[in-house]
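Descriptive structure summary
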Amino acid sequence: MPKTAIVIGAGFAGLSAATHLAHEGFAVTLLEKNDVPGGRARCFEAEGFLFDMGPSWYWMPDIFDQYFARFGKKTSDYYELTRLSPSYSVVFGPADSVDIPADFQALCELFESYEVGSAVRLQKFLAQAKYKYEVGVNEFVQKPSLSITEFLDLRLVVEAFRLDLFQSFHSHVRKFFHHEKLIRLMEFPILFLGAIPQNTPALYSLMNYADMMLGTWYPMGGMFKIVEGMVKLAQEKGVSLKLGHEVQKIEVEGRQAKRVLTNHGTFEADVVVAGADYHHVESQLLEAGARNYSDAYWDERVMAPSCLLYYLGVNKKLKNLRHHNLFFDQDLMAHAIEIYETPKWPTKPLFYASVPSITDPSVAPAGCENLFLLIPVAPGLHDTEEVREKYYHIVMERLEELTNQSIRDAVVFRRTYAHRDFVNDYHAFKGNAYGLANTLRQTALFKPSLKSKKIDNLFYTGQLTVPGPGVPPSLISGQVVAKTIIKQFVTLSK
Ligand SMILES: Cc1cc2nc3c(=O)[nH]c(=O)nc-3n(C[C@H](O)[C@H](O)[C@H](O)COP(=O)(O)OP(=O)(O)OC[C@H]3O[C@@H](n4cnc5c(N)ncnc54)[C@H](O)[C@@H]3O)c2cc1C
C-alpha cells in the first residue's frame, strides 16, 4: 500500500480528497497556490465588510452532514446553520416579484395562485424528483465512472430511464406546468448546472427537490465557515496544508508520477491527486505524452459559464431585497443563447443579488449592507475594465429601479471579478467559474476521467471531473477519488 499522498489545490474537492486519504492512514501534503484555502469559495475582508467570493447558496445540507459524519463529526461542530425563510425572491419586473416560501404548504398555495391545479402537480413532480435525488445522490454520483461496467447492473439501466436521463428538463417541466412564471421558477436551479434546460437531462429535477424540499441554508459568519470547518477537520486528521505553494510541474518516470515541483521546493509521494483545474494540470503541469486529452478535446468541451461579479459595501440599509434575489426581468433564453450558443457579452443580462448582511450582521459594519452581484456570462470572453464598468451601471440602474431606491451613491467599497481573475487566481480554463456544463454528453463516463490513463498513481478531482460543478458535488468528488485510490492499491497489493 502507498503511504504518502500529495493533493494539489485546497478547494472543496482537494480538501475532501486530502481528508479522506488522511483518514485512511495516508500522510497527506496539500499544496495550494493561494494564501487562502477554499479555491473559488475564498473570502476577503475590506473596510469592515466580509465578502464570500464564490458560492452563496447552501443547498443539499444532507451532503455536508454526511461529509462530516464520515469522520465521526457533526456539521454543527464546525458552523451554525440557519434555514432562510423565504428561501429567495424572484423579481419578474417592476412591482412584480415573489418570495419563495420555505414552508411547503405556503409554496403550494403560491403555485395554485398562478395556475389552478398546479399544487397537486407540484407534489407529483417533487415526488419523482425525490426519487431522482435519492438514487442520483446516493448511487449515480458515487461512481468513479471509469468503466461502463459500473452502470451495467440491470437495476441502474432501468433506473436510467426512470431517472429521465434521456429526456430534456425543458420538456419535462412543461408536462407539469404551463404558467410562464412557474416554468421560470422550476428552470432556475438548472442554470446552476451550466447548460440550458433543453440540453440538461430531466434527471436534474433533483435540483428542484433540493430547492423546494431540502431548503436554502446559510452558515452564520458566511460560506467561508464551511472552508474553515473543512480545513480544521483536515488538520485534525493530520493533513499538512501548505499555502502559497504553487505546483509548477509533475515529474513523471515511466508510468509513475515521481515528484511535484513548486515555487517552494520539491515534494515526493506515492500518489498524486490533482484538485486544481483539470485543463491546467494537463496542459501546464504535465508533458504532452502524459496527458489524457488533446487540445482539440478541451476546445470541444462545453464549459459552464464564467461570472462577472461585484462585491459592494453599501453604507446604508437597503429595502425591497431578500438575502437571495434573482432578477428575471429580462428574457432568460436570450441571455442563455449569449452564454452557450453565440458567446458574447449579454445584451440584457439576468443577474443575481445576494445580501447576506440581511441574515448575518457580522458580514457588514452596523447600519451597512454587504451586496454581492453576479452576472453569468460566456467563458472565454475578452474581459476589460471598460466592460466591467459598463455592466456595473447597467445592472445597478436596474437594481435601483426595480427596488425603488438609490444605491450607487451609498457604495463605499467596490471590487469586481471576472475571467482574468479566474485565470490568474485558479488557472481556470477560459476563465470558467463553474467547471464543465452538465449536459448529457458530459455526464458520468463522458466527463474527463478521474484517473490518468498513462500514469498509474495520478488522479484527478474537482468540478471538471465526476460528478460535476457545485459545492456538494466537489465534496463527493474528493470522496470518490479517495475511494478509487484505496480500491486500486488494495487490489494491487493483494
Ligand atoms: C461565483 C461563483 C458562485 C458559485 N455559487 C455556488 C453556489 O451558490 N452553490 C454551490 O454549490 N456552488 C457554487 N459555485 C460552484 C462551486 O464554488 C465550485 O463548484 C467549487 O467550489 C469547486 O471546487 P473545486 O475544489 O473543484 O475547485 P476550486 O475551488 O477552484 O479549487 C481548486 C484549487 O486549486 C488551486 N490551484 C490551481 N492551480 C494550482 C497549482 N498549480 N498549484 C497549487 N494549487 C493550484 C486553486 O487556487 C484552488 O484553490 C460557485 C462558483 C463561483 C465561482
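Residues numbered from 1 in each chain as written. Predicted model: local features only at pLDDT ≥ 70, side-chain atom pairs only at ≥ 80, totals over all residues. Heavy atoms only, no water.

1. Topic: helix 6 (residues 169-176)
Listed as buried for helix 6 are Phe-169, His-172, Val-173 and Phe-176. For helix 6, the arc enclosing every buried residue in end-on projection is 95°, short of the 170-degree limit, so these residues lie on one face. In this structure, the buried residues of helix 6 make contact with helix 4 (118-138), helix 7 (180-187) and helix 8 (206-214). (Buried < 20%, exposed > 50% of the residue type's maximum accessible area, 1.4 Å probe, protein only. Helix = DSSP H or I, 4+ residues; strand = E, 2+ residues; numbered from the N terminus. Arc of directions from axis to C-beta. Contact = heavy atoms within 4.5 Å.)

2. Describing the side chain of Ser-306
Positionally, Ser-306 belongs in strand 14 (residues 306-314). At 2.6 Å, the side chain of Ser-306 and the backbone oxygen of Gly-431 are in polar contact. The contact partners of Ser-306, leaving out residues within four places of it in the chain, are Ile-375, Pro-376, Val-377, Ala-378, Pro-379, His-419, Phe-422, Gly-431, Asn-432 and Ala-433. (Polar contact = N/O pair within 3.5 Å; in protein donor to acceptor, adjacent residues only side chain to side chain.)

3. Brief notes about the sheet that holds strand 11 (residues 256-262)
Strands sit in the order 10-11-12 across an open sheet of three strands; the sheet is antiparallel. Taken across any chain shown, the strands that pair with only one partner, and hence form the sheet edges, are strand 10 (247-253) and strand 12 (265-268). Averaged over all pairs of adjacent strands, the angle between strand axes in this sheet comes to 25°, irrespective of strand direction. The pairing of strand 11 with strand 12 spans four bridges and is classified as antiparallel. When the sheet's bridge partners are listed, Thr-262 is paired in strand 12 with Gly-265. (Pairing = 2+ DSSP bridges. Axes fitted to C-alpha atoms, helices over the stretch in contact; angles between N-to-C directions.)

4. Re the site of the ligand
In the neighbourhood of the ligand, 37 residues make up the surrounding shell, with Glu-32, Arg-40, Trp-57, Gln-463 and Gly-470 lying closest. Gly-39 places a main-chain nitrogen or oxygen 3.4 Å from an oxygen atom of the ligand. At 2.6 Å, a side-chain N or O of Gln-463 approaches an oxygen atom of the ligand. Notes on the ligand: free accessible area 1,000 Å², of which the protein chains cover 97%. Taken together, the elements giving at least two residues each to the shell around the ligand come down to helix 1 (12-23), helix 14 (419-426) and helix 15 (471-493). (Near = heavy atom within 4 Å. Areas by Shrake-Rupley, 256 points an atom, 1.4 Å probe, with all protein chains shown as cover.)

5. Structural notes on the sheet that holds strand 6 (residues 88-93)
Overall, mixed pairing links the seven strands, which are arranged 7-6-15-16-17-14-18 in an open sheet. Here the strands that pair on one side only, and so sit at the sheet edges, are strand 7 (96-100) and strand 18 (411-417). Neighbour-to-neighbour, the strand axes of this sheet turn through a mean angle of 20°, independent of strand direction. Where strand 6 meets strand 15 (residues 324-327), three bridges bridge the pair, whose relative direction is parallel.

6. Re a nonpolar patch on the surface
Nonpolar side chains collect at one region of the surface, where Phe-161, Phe-166 and Leu-440 lie side by side and expose about 320 Å² of accessible area between them. Mapped onto the elements of the fold, Phe-161 is located in helix 5 (residues 154-162). Residue classification places Phe-161 among the exposed residues on the basis of a relative accessible area of 58%. (Patch = residues over 30% accessible without salt bridge, like charges linked within 9 Å, V, L, I, M, F, W, Y side chains within 5 Å. Salt bridge = Lys/Arg side-chain N within 4 Å of Asp/Glu carboxyl O.)

7. A word on the packing of aromatic side chains
Applying the stated criterion across every chain yields a total of 39 aromatic pairs. Judged by centre distance (6.2 Å) and plane angle (75°), the rings of Trp-59 and Phe-188 are edge-to-face. One end of the pair, Trp-59, is in the loop between strand 4 (49-52) and helix 2 (61-69); the other, Phe-188, is in the loop between helix 7 and helix 8, with 129 residues separating them in the sequence. In this pair, the class of Trp-59 matches that of Phe-188, namely buried. When the ring of Tyr-293 is compared with that of Trp-298, the centres are 6.0 Å apart and the planes differ by 85°; the resulting orientation is edge-to-face. (Phe/Tyr/Trp six-rings, centres within 6.5 Å; stacked < 30°, edge-to-face > 60°.)

8. Describing unusual backbone geometry
Across residues other than glycine, the phi torsion is negative in most instances, and most of the peptide bonds are trans. Look at the link from Ser-85 to Pro-86: it is a cis peptide, with omega at 0°. Of note, Pro-86 is situated in the loop between strand 5 (81-83) and strand 6. Backbone torsion omega between Val-466 and Pro-467 reads -5°, so that peptide bond is classified as cis. Inspection of the secondary structure puts Pro-467 in the loop between strand 19 (458-460) and helix 15. The phi torsion at Glu-47 lies on the positive side, around 50°, for a residue other than glycine. Positionally, Glu-47 belongs in the loop between strand 3 (43-46) and strand 4. For Glu-47, a relative accessible area of 58% corresponds to the exposed category.

9. Some details on the pattern of salt bridges
For the structure shown, the criterion picks out 26 salt bridges. Between Glu-228 and Lys-225 there is a salt bridge, and its shortest N-O distance comes to 3.2 Å. Taken together, the residues Glu-228 and Lys-225, both in helix 9 (residues 224-236) and three residues apart, mark about one turn of the helix. We note a salt bridge from Lys-232 to Glu-236, for which the minimum N-O separation is 3.5 Å.

10. Some points on the state of the cysteines
Enumeration according to the criterion identifies zero disulfides in this entry. A disulfide-free cysteine, Cys-43 has its sulfur positioned 18 Å from the sulfur of Cys-307, the nearest such atom. Residue Cys-43 is classed as buried on the basis of its relative accessible area, which comes to 17%. (Disulfide = S-S within 2.5 Å.)

11. Observations regarding helix 8
Judged by how many residues are buried, helix 8 sits mostly within the fold: eight of nine residues are covered. Along helix 8, the residues that are buried comprise Leu-206, Met-207, Asn-208, Tyr-209, Ala-210, Asp-211, Met-212 and Leu-214. Once helix 8 ends, the next one or two residues include Gly-215, with phi positive near 90°.

12. Considering the packing of helix 6 against helix 7
The relative placement of two packed helices comes down to the angle between their axes together with the axis-to-axis distance. Helix 7 packs onto helix 6 with a crossing angle of 135° between their chain directions and a minimal axis gap of 10 Å. Relative to helix 7, helix 6 is oriented oblique. For the pair helix 6 and helix 7, the crossing hand works out as right-handed. Between helix 6 and helix 7, the residues in contact are Phe-169, His-170, Val-173 and Arg-174 and Ile-183, Met-186 and Glu-187, respectively. Of the residues in the contact of helix 6 with helix 7, the class split is four nonpolar, one polar and two charged. (Parallel < 35°, antiparallel > 145°, perpendicular 65-115°, else oblique. Left-handed = near helix turned anticlockwise from the far one by under 90°. Nonpolar A, V, L, I, M, F, W, Y, C, P; charged D, E, K, R; others polar.)

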